[in-house]
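Commentary on secondary and tertiary structure
As a plain string of letters, each chain reads:
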Amino acid sequence: MPLIRTLSKVARQALLSSPGCGCQPLTVAVRTISFSPRQVTSDASFHSVSFSETDHPKVLITGGLGQLGVGLAKLLRKRFGKNNVILSDIRKPPSDVYHSGPFIYSDILDYKNLREIVVNNRITWLVHYSALLSAVGEANVALARSVNITGLHNILDIAAEHGLRLFVPSTIGAFGPTSPRNPTPDLCVQRPRTIYGVSKVHAELMGEYYSHRYGLDFRCLRYPGIISADSMPGGGTTDYAVQIFHDAIKTGKFECNLRPDTRLPMMYIDDCLRATLEVMEAPADTLSMRTYNINAMSFTPEELAQELQKQMPELEVTYDVDHVRQAIADSWPMNFDDSNARKDWGWKHDYDLPELVQTMLNYFGVETRMARVN
């Protein structure tokens, strides 16, 4: 801008100093550049675009082909309409996902591509699920840093620029061995030992900063381990709780890579998705914080196996501990304190361990002992 003003002044003086020219003073067109936090001034303040209660949000879900994206899209489309929820990912979607509603290619590391999607589709809610999980992230730290941190920065800047309501999930992995583990409160020491956990603490703090600094409507839930029947394990430390069902049905045998007494907080996917919708719909003045713990149940591999064996007594479970995953699990909470979520916006889970096991087996069409008795 100083350069443009200098050129304009020089050109004007040159024209005015030319006798008998008859020319009008030169006007230099200046292009107005819209705001981005990357160009923010020190006194800037921005607030989310509001819409009336009768209007539906226009939702973009990044990382949409992961464990949670497809399920959340299905839930939100029932609520807001099929065309108001756009799934995105860098992978080609399966046919059923592609035909179930809008899907577009979106790379969170491509700032321009993301910005065009938000503008062209008039997005008002952004759900950011793109991330490399714990065990996968440890195997490729550079890629995890790029996706989980650099990608997040793009998301935050675009959300702030366009006044979006932004949801970014966090995790039990955001805590470390010095955190209180049973229970783990919303606010305490967080010193994770994985790049996944570090990136999630970074996301929590950056989201809170953007909320205070720019008025970004940032909302975050710390998910426990999520159990789902319709998706395969994705490289997380808690994925044994999904794998055991697949192996039990296919082979009748399961080898667990964690110790039998490793207690971790868990949640069935339907509870997780409902919690996400509820916190996104909660009035802003009911939220006393930007990041909440949510919890449903807490169990060990041994307790899960015993509950499953009530329905499938022939199941054989053995243990071959993966020391990398075990070290990760030992640094995580054993149980979440989610009293603030229950108080502020009425969170309440539906599934405990017996209901979880029965629901998973029903999904796979397994004739359980309980069903035979009934």
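Residues numbered from 1 in each chain as written. Predicted model: local features only at pLDDT ≥ 70, side-chain atom pairs only at ≥ 80, totals over all residues. Heavy atoms only, no water.

Put simply, the test is: UniProt positions are given in the numbering used here, feature names are shortened, and annotations may be inferred rather than shown by experiment.
The protein chain is annotated in an unreviewed UniProt entry as L-threonine 3-dehydrogenase, mitochondrial from Menidia menidia. Reading the Function (unreviewed entry) entry of the UniProt record for the protein chain gives the comment "Catalyzes the NAD(+)-dependent oxidation of L-threonine to 2-amino-3-ketobutyrate, mediating L-threonine catabolism." Recorded in UniProt for the protein chain, the comment headed Catalytic activity (unreviewed entry) runs: "L-threonine + NAD(+) = (2S)-2-amino-3-oxobutanoate + NADH + H(+)".

1. Concerning the overall build of the protein chain
Spelled out, the test is: Strands are runs of DSSP state E lasting at least two residues, helices are runs of H or I lasting at least four, and both sets are numbered from the N terminus onward. Working definition: with a 1.4 Å probe on protein chains only, accessible area under 20% of the residue-type maximum means buried, over 50% means exposed, and in between means partly exposed. The contact rule is simple, with two residues in contact once any of their heavy atoms fall within 4.5 Å.
If you tally the helices and strands in the protein chain, you get 14 helices and 13 strands. Here the protein chain holds 374 residues, and 49% of them are scored as buried. Expressed as a percentage of contacts within the protein chain between residues at least 6 apart in sequence, the contacts between residues at least 24 apart total 78%.

2. Overview of the packing of aromatic side chains
Applicable threshold: We call Phe, Tyr and Trp rings a pair once their centres come within 6.5 Å, taking the six-membered ring for Trp, and we label the pair stacked below 30 degrees between planes, edge-to-face above 60, and tilted otherwise.
Under the definition given, this model contains 11 aromatic pairs. With centroids separated by 6.1 Å and ring planes inclined at 70 degrees, the aromatic side chains of Tyr209 and Tyr210 adopt a geometry described as edge-to-face. Residue class for Tyr210 comes out buried when judged on its relative accessible area of 9%. Seen in terms of ring centroids, Tyr210 and Tyr214 are 5.0 Å apart; in terms of plane orientation they differ by 75 degrees. Their pairing is edge-to-face. Taken together, the residues span about one helical turn, with Tyr210 and Tyr214 both in helix H7 (residues 195-214) at a distance of 4 residues. Joined through ring pairs, the aromatic side chains of Tyr129, Phe167 and Tyr223 make up one cluster.

3. Topic: the pairing of strand E9 (residues 253-256)
Consecutive residues of a regular strand have side chains that alternate between opposite faces of the sheet. Short version of the rule: Should DSSP find at least two bridges between two strands, the strands are taken to pair.
Burial along E9 is one-sided: the face carrying Phe254 and Cys256 is buried and the face carrying Lys253 and Glu255 is not. By the bridge criterion, 4 bridges tie E9 to strand E13 (residues 316-319) in an arrangement that is parallel. Residue pairing in the sheet places Phe254 in a bridge with Val317 of E13.

4. Description of empty space enclosed by the protein
Short version of the rule: Here a cavity denotes a set of grid points, spaced 1 Å apart and computed over the protein atoms alone, in which a 1.4 Å probe fits but from which it cannot get out, and a pocket denotes an open set meeting protein on both sides within 12 Å along at least five of seven lines; residues with an atom within 4 Å of a point are reported as lining. Grid points are joined across faces, edges and corners, and a volume is the space filled by probe spheres set on the points. Think of it as three bins: nonpolar holds Ala, Val, Leu, Ile, Met, Phe, Trp, Tyr, Cys and Pro, charged holds Asp, Glu, Lys and Arg, and polar takes everything else, Gly as well.
This model, assessed by the stated rule, comprises 2 cavities of 30 Å³ or more. In this model, the largest cavity occupies a volume close to 60 Å³. Residue lining of the largest cavity: His128, Ser130, Ala131, Asn148, Leu152, Val168, Ser199, Lys200 and Ala203, and that is the complete set. Secondary structure elements with two or more residues in the lining of the largest cavity: helix H6 (141-161) and H7. Broken down by element, the residue count for the lining of the largest cavity peaks at 3 residues, all from H7. Across the lining of the largest cavity, the residue classes tally to 4 nonpolar, 4 polar and 1 charged.

5. Observations regarding the pattern of salt bridges
Side-chain pairs of opposite charge can arise whenever the charged atoms involved come near each other. The test is simple: Note on definitions: salt bridges are taken to be side-chain nitrogens of Lys or Arg within 4 Å of carboxyl oxygens of Asp or Glu.
Under the definition given, this model contains 18 salt bridges. Where Asp330 meets Arg259, a salt bridge forms, and the shortest distance between an N and an O atom there is 3.3 Å. Taken together, the residues Asp330 in helix H11 (residues 323-330) and Arg259 in the loop between E9 and strand E10 (264-268) connect sequence positions 71 residues apart. Asp330 gets classed as partly exposed once you look at its relative accessible area, which sits at 30%. A relative accessible area of 31% means that Arg259 is categorised as partly exposed.

6. Some details on the nonpolar core
How we decide: Here, the term nonpolar core denotes a set of buried Ala, Val, Leu, Ile, Met, Phe, Trp, Tyr and Cys residues that are joined through side-chain atoms within 4.5 Å.
Core analysis: the largest hydrophobic core is formed by 70 residues, its most contacted members being Ile61, Phe299 and Trp345. Counting residues per element, this core draws most heavily on helix H9 (residues 269-281), at 7 residues. With 28 residues, the next largest nonpolar core counts Ile108, Leu132, Ala160 and Tyr210 among its residues.

7. Points about the environment of Glu208
Mapping Glu208 onto the fold places it in helix H7. Its relative accessible area of 34% is what places Glu208 among the partly exposed residues. On a C-alpha basis, the gap between Glu208 and Thr291 in space is 8.2 Å, while along the polypeptide they are 83 residues apart. Each residue touching Glu208, except ones within four places of it in the same chain, is listed here: Phe218 and Arg290.

8. Quick look at the pairing of strand E7 (residues 217-223)
Within E7, 7 of the 7 residues are buried, leaving the element largely enclosed by the surrounding structure. By the alternation rule, side chains of E7 split into Asp217, Arg219, Leu221 and Tyr223 and Phe218, Cys220 and Arg222, which are all buried. Relative to E7, strand E5 (residues 165-167) runs parallel, the two sharing 3 bridges. Bridged to Arg165 within E7 is Asp217. As paired strands, strand E6 (residues 170-171) and E7 are joined by 2 bridges and run parallel to one another. Following the sheet pairing, Ser170 is matched in E7 by Arg222. Inspection of the sheet shows E7 paired to strand E11 (residues 291-293) by 3 bridges, in the parallel sense. Along E11, the bridge assignment pairs Leu221 with Tyr292.

9. Section: the packing of H6 against H7
So the rule is basically this: Here an axis means a line fitted to C-alpha atoms, over the contact stretch when the element is a helix, while the angle between two N-to-C directions is reported on a 0 to 180 degree scale. Each angle gets one of four labels, with under 35 degrees taken as roughly parallel, over 145 as roughly antiparallel, 65 to 115 as roughly perpendicular, and the rest as oblique. Definitions for this section: a left-handed crossing has its near helix turned counterclockwise from the far helix by less than a right angle. A right-handed crossing has that turn clockwise.
Direction vectors running N to C along H6 and H7 enclose 15 degrees, while the axes themselves pass 10 Å from each other. When the axes of H6 and H7 are compared, the pair comes out roughly parallel. Between H6 and H7 the crossing geometry is right-handed. Seen from H6, the contacting residues are Val141, Ala144, Arg145, Asn148, Ile149, Leu152, His153, Leu156, Asp157 and Ala160; seen from H7, they are Ile195, Tyr196, Ser199, His202, Ala203, Met206, Gly207 and Tyr210. A per-class count over the contact of H6 with H7 returns 11 nonpolar, 5 polar and 2 charged.

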